Amino acid sequence: MVSMKRMAAVAAVSMVGLSACAGTDSASPAVPGEAKGGDLFAKAPVAAAADILPGSTMEKIKQRGELIVGGSLDAPLLSQQNPTTGEVEGFDADMGKALAKYIIGEPKVKIVNSASETREALLSNGTVDVVFQTYTITPERAKQVAFAGPYYSSGLSLAVRKGTAGIAKPEDLNGKTVIAGANTPAIPAIKKLAPQAKIVTFGSDPECMQALKQERGDVYVQDEMLLVANAQKDPSVQVVGQPFTTDPYGIGLKHGDEQFKKFVNDWLKKIQGDGLWQQTWKNSIGTVVQGEAPTPPQIGSVPGS
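Residues numbered from 1 in each chain as written. Predicted model: local features only at pLDDT ≥ 70, side-chain atom pairs only at ≥ 80, totals over all residues. Heavy atoms only, no water.

**Re the overall build of the protein**
- Counting its regular elements, the protein contains nine helices and 13 strands.
- Of all 305 residues assigned to the protein, the portion counted as buried reaches 55%.
- When contacts within the protein are restricted to residue pairs at least 6 apart in sequence, those whose partners lie at least 24 apart make up 71%.
- For the protein, the exposed area adds up to about 12900 Å²; of that, 52% sits on carbon and sulfur atoms. (Helix = DSSP H or I, 4+ residues; strand = E, 2+ residues; numbered from the N terminus. Buried < 20%, exposed > 50% of the residue type's maximum accessible area, 1.4 Å probe, protein only. Contact = heavy atoms within 4.5 Å. Areas by Shrake-Rupley, 256 points an atom, 1.4 Å probe, with all protein chains shown as cover.)

**Digging into the sheet that holds strand S3 (residues 79–81)**
- Ordered in space as S2-S3-S4, the three strands form an open sheet in which the pairing is antiparallel. The sheet terminates laterally at strand S2 (74–75) and strand S4 (88–89), the two strands that pair on one side only. (Pairing = 2+ DSSP bridges.)

**Quick word on the nonpolar core**
- Counting 43 residues, the largest nonpolar core has Ile251 and Trp267 as the members making the most contacts within it.
- Taken together, the elements giving at least two residues each to this core come down to helix H2 (57–64), strand S1 (67–71), helix H3 (91–104), strand S7 (145–154), helix H7 (224–233), strand S13 (247–254), helix H8 (258–273) and helix H9 (276–283).
- Looking at this core element by element, the count peaks at eight residues for H3.
- Split by domain, the residues of this core number at least three in each of domain 1 (49–154 + 248–287) and domain 2 (156–240).
- When near neighbours in sequence (up to four residues on either side) are disregarded, Ile251 contacts Val130, Val131, Phe132, Ala146, Phe147, Ala148, Tyr151, Val264, Trp267 and Leu268. (Core = buried A, V, L, I, M, F, W, Y, C linked by side-chain atoms within 4.5 Å. Domains from an automatic or database assignment.)

**Observations concerning the layout of surface pockets**
- As a volume, the largest pocket reaches approximately 450 Å³.
- Considering the residues around the largest pocket, the lining is formed by 32 residues, among which Ser116, Gln133, Thr134, Gln222 and Leu226 are closest to the centre.
- Elements represented by at least two residues in the lining of the largest pocket include exactly S2, helix H6 (205–213), strand S11 (219–223) and S13.
- Looking at side-chain class alone, the lining of the largest pocket contains twelve nonpolar, 13 polar and seven charged residues.
- The residues that make up the lining of the largest pocket include at least three from each of domain 1 (49–154 + 248–287) and domain 2 (156–240).
- Of the pockets and cavities examined, the second largest pocket occupies roughly 160 Å³.
- Lining the second largest pocket are Thr136, Leu156, Pro185, Pro188, Ala189, Lys192, Leu193, Thr245, Thr246 and Asp247.
- Sort the elements by how many residues they give to the lining of the second largest pocket and helix H5 (residues 186–193) lands first, with four residues. (1 Å grid on protein atoms, 1.4 Å probe; cavity = no way out; pocket = protein on both sides within 12 Å on 5 of 7 lines; lining within 4 Å. Points joined across faces, edges and corners; volume = space filled by probe spheres on them. Nonpolar A, V, L, I, M, F, W, Y, C, P; charged D, E, K, R; others polar.)

**Let's talk about unusual backbone geometry**
- Here the residue pair Gly149 and Pro150 is connected by a cis peptide bond, since its omega of 10° sits within 30 degrees of zero.
- Positionally, Pro150 belongs in strand S7.
- Even without glycine at this site, Leu77 takes up a positive phi of about 70°.
- Within the element layout of this structure, Leu77 appears in the loop between S2 and S3.

**Focus: H7**
- For H7, the buried fraction is high: nine of the ten residues fall into the buried class.
- Taken as a whole, H7 has its buried residues at Glu224, Met225, Leu226, Leu227, Val228, Ala229, Asn230, Ala231 and Gln232.
- Measuring from the side-chain oxygen of the N-cap residue of H7 to the backbone nitrogen of Met225 gives 3.0 Å; that N-cap residue is Asp223. (Polar contact = N/O pair within 3.5 Å; in protein donor to acceptor, adjacent residues only side chain to side chain.)

**Topic: the packing of H2 against H8**
- Between H2 and H8, the shortest axis-to-axis distance is 8 Å and the interhelical angle comes to 70°. The orientation of H2 with respect to H8, classified from their angle, is roughly perpendicular. In contact with Thr57, Met58 and Ile61 of H2, H8 contributes Gln259, Phe260 and Phe263.
- For the contact of H2 with H8, the per-class residue count stands at four nonpolar, two polar and no charged. (Axes fitted to C-alpha atoms, helices over the stretch in contact; angles between N-to-C directions. Parallel < 35°, antiparallel > 145°, perpendicular 65-115°, else oblique.)

**A few points about the environment of Glu207**
- Relative to the helices and strands, Glu207 resides in helix H6.
- Taking C-alpha positions, Glu207 is 9.8 Å from Ala180, a pair spaced 27 residues apart along the chain.

**Quick word on the sheet that holds strand S8 (residues 156–161)**
- Strand order in the open sheet formed by five strands is S10-S9-S11-S8-S12, and the pairing between neighbours is mixed. Because the sheet does not close on itself, it has two edges, and the strands there are strand S10 (198–202) and strand S12 (237–240). The sheet shows a mean angle of 35° between the axes of neighbouring strands, taken without regard to direction.
- In this sheet, S11 lies alongside strand S9 (residues 177–181) in parallel orientation, the contact comprising two bridges. Residue pairing across strands places Val178 opposite Val219, the latter belonging to S11.

Encoded structure:
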């Protein structure tokens, strides 16, 4: 669950940091591998040889020399391609690189740009090894894919055009046109809390943001951190209210591969215990949300994990 300190920090960013973007625009996402005080991945753990079991998914990845990750190239603070360096930066991107180092010995990844509606297929047909993409764990999704984790917890929030009045909580969405990403948890949440809302969907976060700015909807419902990152970049949009759900993010894996799931969960425990998880957060999400890194969610703590 999102801590009160973190929620307060998010609220402060969304209310104060947007008017002039002073002090926040200068804090660009850290280049992967360049942690404050040293190389982020230099201290990342590497699995013991005995943990790379013969015939396992881990062995296949190690022999290939590259972890193939289903992810995003356009999600600020989470997984976004730097136009200057070509590197993909952010919390999810760096988590993928840290997992690659654990398996291969080097943070070598290939990111396959995926959408909400294609993640299950990419895992089931073996196109990707894992998915790091704000992939909320649900019992329904767990029927199609396996989830390691959860490795992060966020929640749905509301974004509006700056100056919009009368929208501060989910119940205010009744009678409004609400923008949501296709095949995301926002859709059932809106239907439950605001059954009189009209929902329009788009395939990606940038498309949803564009629709909001073009007044094709009154409000955009999406994950808290994506909205805060978007609002930081674009002062015409602001985040209102507080997160109204708890969304546990999981690492998507091929369904039925219990051996690999245990391996990834063991890795998560290691990086949470040695501080690498916390440093990864500080280098990405923590550049916008001030304060200490939150406590990681307990692995296996939600249905479907």
